[in-house]
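Commentary on secondary and tertiary structure
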Amino acid sequence: MIVCRLTLVNFVVVLLLVSGCKPAPDQPPTSAQKSVLERIEERVLQCETLQPDSVEILLLKGLQISDSLGLEESRLKMHSMLSEFYQYRKISDGKAYHHMNEAISIYLKNPDYSINNPYFFTNLGNIQFKFGLLAEAQESYNNALSSAYNAGISHGIVLAYNNKGLVWLSLGNADSAYRCFIKASDHASETDLSKAQNLLYQMRLAAFNGQKSMLSALHIKIKKSINDFIEMRGGNSGFDGAEQRYFNQVLGEAEGILADVSQDAGRTALLQSSVRKSVLSCYPLLMADRYIALGSYYAEIGDIGKASSISDSLNEVARMILNPEPLSRIYGFRKQTALLAGNTRKAETAAKLESFMLDSLKRQQSGKEQLQAKMAISAANARIAVENMKQAAQVGQRIIRQQKIIIAILLSSIVLILLMITLVFVFRKRLNFANRLLALKTSSQTLSEITDPAYGVPKYNLDRPGFEGLAERLEKLNQEKQPYLNPALSLSDLASLAGTNQTYLSAFLNQHMKLNFNDYLNNLRILYACRLLLSSDNEYSTEQILEMSGFNSKSTFYTAFKKHAGVSPAVFCKMNRVTSVQESGL
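Keep in mind that what you see is a predicted model, and the values were worked out from it rather than measured. (Residues numbered from 1 in each chain as written. Predicted model: local features only at pLDDT ≥ 70, side-chain atom pairs only at ≥ 80, totals over all residues. Heavy atoms only, no water.)

1. Some points on the overall build of the chain
Counting its regular elements, the chain contains 26 helices and zero strands. Put simply, 63% of the contacts in the chain that link residues at least 6 apart link residues at least 24 apart. Roughly 30400 Å² of accessible area belongs to the chain as shown, and the carbon and sulfur atoms make up 55% of that amount. (Helix = DSSP H or I, 4+ residues; strand = E, 2+ residues; numbered from the N terminus. Contact = heavy atoms within 4.5 Å. Areas by Shrake-Rupley, 256 points an atom, 1.4 Å probe, with all protein chains shown as cover.)

2. So, the confidence of the model for the chain
Taken residue by residue, the chain gives an average pLDDT of 76. The fraction at 70 or more is 75%. Scored below 50 in pLDDT, residues 436-457 shows 14 contacts in the model against residues more than four places distant or in partner chains. pLDDT under 50 marks residues 580-586. Its contacts with residues more than four places away, or in other chains, come to one contact. (pLDDT = per-residue confidence, 0-100.)

3. Details of the environment of Ser-74
Note that Ser-74 resides in helix α4 (residues 72-88). When its relative accessible area of 8% is taken as the criterion, Ser-74 is described as buried. In this structure the C-alpha to C-alpha distance between Ser-74 and Leu-63, which are 11 residues apart in sequence, comes to 7.6 Å. (Buried < 20%, exposed > 50% of the residue type's maximum accessible area, 1.4 Å probe, protein only.)

4. Considerations on the state of the cysteines
Under the counting rule described, the total for this entry stands at zero disulfides. Here Cys-530 stays free of any disulfide, with the sulfur of Cys-573 as its closest cysteine sulfur at 8.2 Å. Among the residues examined, Cys-530 registers a relative accessible area of 11% and is labelled buried. (Disulfide = S-S within 2.5 Å.)

5. Remarks on the pattern of salt bridges
Side chains that carry opposite charge are capable of pairing whenever their charged atoms lie near each other. The final tally for this structure, using the stated rule, is 16 salt bridges. With a shortest N-O distance of 3.4 Å, Arg-329 and Glu-325 are connected by a salt bridge. Of the two residues, Arg-329 and Glu-325 both sit in helix α16 (residues 324-341), four residues apart, roughly one turn of that helix. A relative accessible area of 35% places Arg-329 in the partly exposed class. Lys-335 serves as the salt-bridge partner of Glu-354, at 2.9 Å between the closest nitrogen and oxygen. Here Lys-335 lies in helix α16 and Glu-354 lies in helix α17 (residues 344-366), a separation of 19 residues in the sequence. Given a relative accessible area of 25%, Lys-335 falls into the partly exposed group. (Salt bridge = Lys/Arg side-chain N within 4 Å of Asp/Glu carboxyl O.)

6. Some remarks on the packing of helix α6 (residues 118-130) against helix α8 (residues 154-170)
At a minimum axis separation of 10 Å, α6 and α8 run at an interaxial angle of 15 degrees. One element, α6, and the other, α8, form an angle in the roughly parallel class. Note that α6 runs across α8; the crossing there is left-handed. When α6 is examined against α8, the residues Tyr-119, Thr-122, Asn-126 and Phe-129 are found in contact with a partner set consisting of His-155, Gly-156, Leu-159, Asn-163, Leu-166, Val-167 and Ser-170. The class makeup of the residues in the contact of α6 with α8 is five nonpolar, six polar and no charged. (Axes fitted to C-alpha atoms, helices over the stretch in contact; angles between N-to-C directions. Parallel < 35°, antiparallel > 145°, perpendicular 65-115°, else oblique. Left-handed = near helix turned anticlockwise from the far one by under 90°. Nonpolar A, V, L, I, M, F, W, Y, C, P; charged D, E, K, R; others polar.)

7. Digging into helix α7 (residues 134-151)
End to end, α7 covers 25 Å across 18 residues, agreeing with the expected 26 Å (1.5 Å per residue, within 8%). Turning to α7, its buried residues number three or more, namely Ala-137, Gln-138, Ser-140, Tyr-141, Asn-143, Ala-144, Leu-145, Ser-147, Ala-148 and Tyr-149. Residues of α7 that are buried sit in contact with α6, α8 and α9 (174-187). Note on α7: the residue one or two positions beyond its end, Gly-152, has a positive phi of about 70 degrees. (Expected span 1.5 Å × (residues − 1).)

8. Some words on the packing of aromatic side chains
Taken as a whole and judged by the stated rule, the model has six aromatic pairs. For the ring pair Tyr-297 and Tyr-298, a centre distance of 6.3 Å and an interplane angle of 45 degrees mean the geometry is tilted. For Tyr-297, a relative accessible area of 12% corresponds to the buried category. Geometrically, the ring pair formed by Phe-551 and Phe-557 is edge-to-face, given 5.3 Å between the ring centres and 70 degrees between the ring planes. Taken together through their ring pairs, the aromatic side chains of Phe-551, Phe-557, Tyr-558, Phe-561 and Phe-572 make up a single cluster. Over the ring of Phe-551 we find Arg-525, and its NZ or CZ is 5.8 Å from the ring centre. (Phe/Tyr/Trp six-rings, centres within 6.5 Å; stacked < 30°, edge-to-face > 60°. Lys NZ or Arg CZ within 6 Å of the ring centre and 35° of its normal.)

9. Thoughts on the packing of helix α23 (residues 517-534) against helix α25 (residues 554-565)
At a minimum axis separation of 9 Å, α23 and α25 run at an interaxial angle of 90 degrees. By the angle between their axes, α23 is roughly perpendicular relative to α25. Residues Asp-519, Asn-522, Asn-523, Ile-526, Ala-529, Cys-530 and Leu-533 of α23 form the contact with α25, whose participating residues are Phe-557, Ala-560, Phe-561, Lys-563 and His-564. Of the residues contributing to the contact of α23 with α25, the split by class is seven nonpolar, three polar and two charged.

10. What about the environment of Ala-341?
Summarising the element assignment, Ala-341 is placed in helix α16. The spacing of Ala-341 and Ala-307 is 34 residues in sequence and 9.0 Å in space, taken between C-alpha atoms. Beyond its immediate sequence surroundings of up to four residues, Ala-341 is in contact with Ile-304 and Ser-308.

11. So, the nonpolar core
Soluble globular proteins: nonpolar side chains tend toward being buried together. Counting 34 residues, the largest nonpolar core has Leu-474, Leu-494, Ile-526, Phe-557 and Phe-561 as the members making the most contacts within it. Those elements giving two or more residues to this core turn out to be α20 (470-480), α21 (491-498), α22 (502-512), α23, α24 (542-548), α25 and α26 (569-584). If we skip the residues at most four places from it in the chain, Leu-474 touches Leu-494, Ala-498, Leu-505, Phe-508 and Tyr-520. (Core = buried A, V, L, I, M, F, W, Y, C linked by side-chain atoms within 4.5 Å.)

12. Some words on the side chain of Lys-277
Along the chain, Lys-277 falls in helix α13 (residues 266-281). Among the residues examined, Lys-277 registers a relative accessible area of 18% and is labelled buried. Residues in contact with Lys-277, not counting those within four places in the same chain, are Asn-248, Gln-249, Leu-251, Gly-252 and Glu-255.

13. Things to note about empty space enclosed by the protein
All chains considered together, the criterion is met by four cavities of 30 Å³ or more. Volume-wise, the largest cavity comes out at about 90 Å³. Lining the largest cavity are Trp-168, Ser-176, Arg-179, Cys-180, Lys-183, Gln-544, Glu-547 and Met-548. Elements represented by at least two residues in the lining of the largest cavity include exactly α9 and α24. Looking at the lining of the largest cavity residue by residue, the class counts come to three nonpolar, two polar and three charged. (1 Å grid on protein atoms, 1.4 Å probe; cavity = no way out; pocket = protein on both sides within 12 Å on 5 of 7 lines; lining within 4 Å. Points joined across faces, edges and corners; volume = space filled by probe spheres on them.)

14. Digging into unusual backbone geometry
Positioned with a positive phi, Cys-282 is a non-glycine residue whose angle comes to about 60 degrees. Note on placement: Cys-282 falls in the loop between α13 and α14 (284-300). One non-glycine residue, Gln-482, lies in positive phi territory at about 45 degrees. Of note, Gln-482 is situated in the loop between α20 and α21.

Quick look at the structure:
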């Protein structure tokens, strides 16, 4: 499943940064109470990986104190930390969902809070992905992507694209998965932690497609990416334990993929190395997977002693996992190795534990639909909150624009009044009819340059410096780089790419092309979508085409398509199919 490498420290810090306000409790906490909560957080950060049982006790105690004091900010932090703890450390999908849902509820109950946080949506999508809610997970990742673009967080963009690719891969859509992984790679820095993770996901895709020849090359790239990061940090002493565990996790999984497809003598070394890396990563699910793979290999070649030793090592791993599914696999493996070793008593004990875990899994599956419904509601609530936030931002921007227009009109009126007073004074003083006509002519020309009544925006002479070659630059930019496919492209971004400023670009679009910025972008995006629809090898769905064309939602795409093409996408395809048949003479 997805491993989002966001540490507890980073997640808490980001949540604090996006909190719009801090609701005051009924009674302000005392300095002693604050000190207790601070010590709890400090202790959690010290032992969050190596002592998971202690972390769980500390976080639950902190949540109890926060609830008793009515500290909304602290409750939010504790629920968020517990959600990530159960998701990545003491593995329990159900508990991870519960605490994530509580965190979302706190946001929704406080309208001053903002859910414009890519990591929040990424963690929500990870939980939804684990429960099979693929459509909801994709929507959460899209929200994470939008938030990351708005905030300019490249790491958040890489995570969102990587996770979208994993969802496509789980659906068997290798092409869409590859496009997402490549987009993630484009945003990942060469000295970024997420670079190695992106290469690992490309390695998964190559294994899925049966491209064995690519696996070794990708494995080498992963090691190079890690070495580049280490050199950037100044050597092994320059980065912390969490980063070391992360690298070991990536290498452990990569070597496991190589071992799974290897048939030569090097398979044993790869399996052993992947086990060592998984132990150093302290990630329970990876440890369980790699131990079982190595133990199964020993059992396969008849080395029952080593298989039994691996089976005993899984006891420690099982204590860090609460999910019945991986536990049933662990105890099933222990049962098989005990039977091969002739240890009937150990086999019976393992069989009982396996049966108990399978029964627990069935009970978990029976309540899964209700849990999925709750998660869908949580996702819908989060989506509504985001839409409300966007609408509020749009209303605020509209009010600001109106205020600017009013101020501009008032200032223009004052200037005009002063100008008229000055002109009248000059006219009276000089009593020169010719000069008076010339002044009036100049005044009318000035007024015509200030406002163009046809568009209501500043009108410029397009022959003046600043507009030369702008049309050619825009056409070349759209042909070579296609910036309009970026769903977060703004007027200032396009102006920067075209080598001008947004004032000149806006004037050029309005006066020369008779289009505003949004219509200009949508026109280019619809033309691109039409080319995809009409291509002879088109195998994309409408959802894929609108996403590839730079649109964020289906409704926006259909509205823009009908406006610029005159018909809906379905009718457009049907009309062009009919035309093609008629032209072929059939």
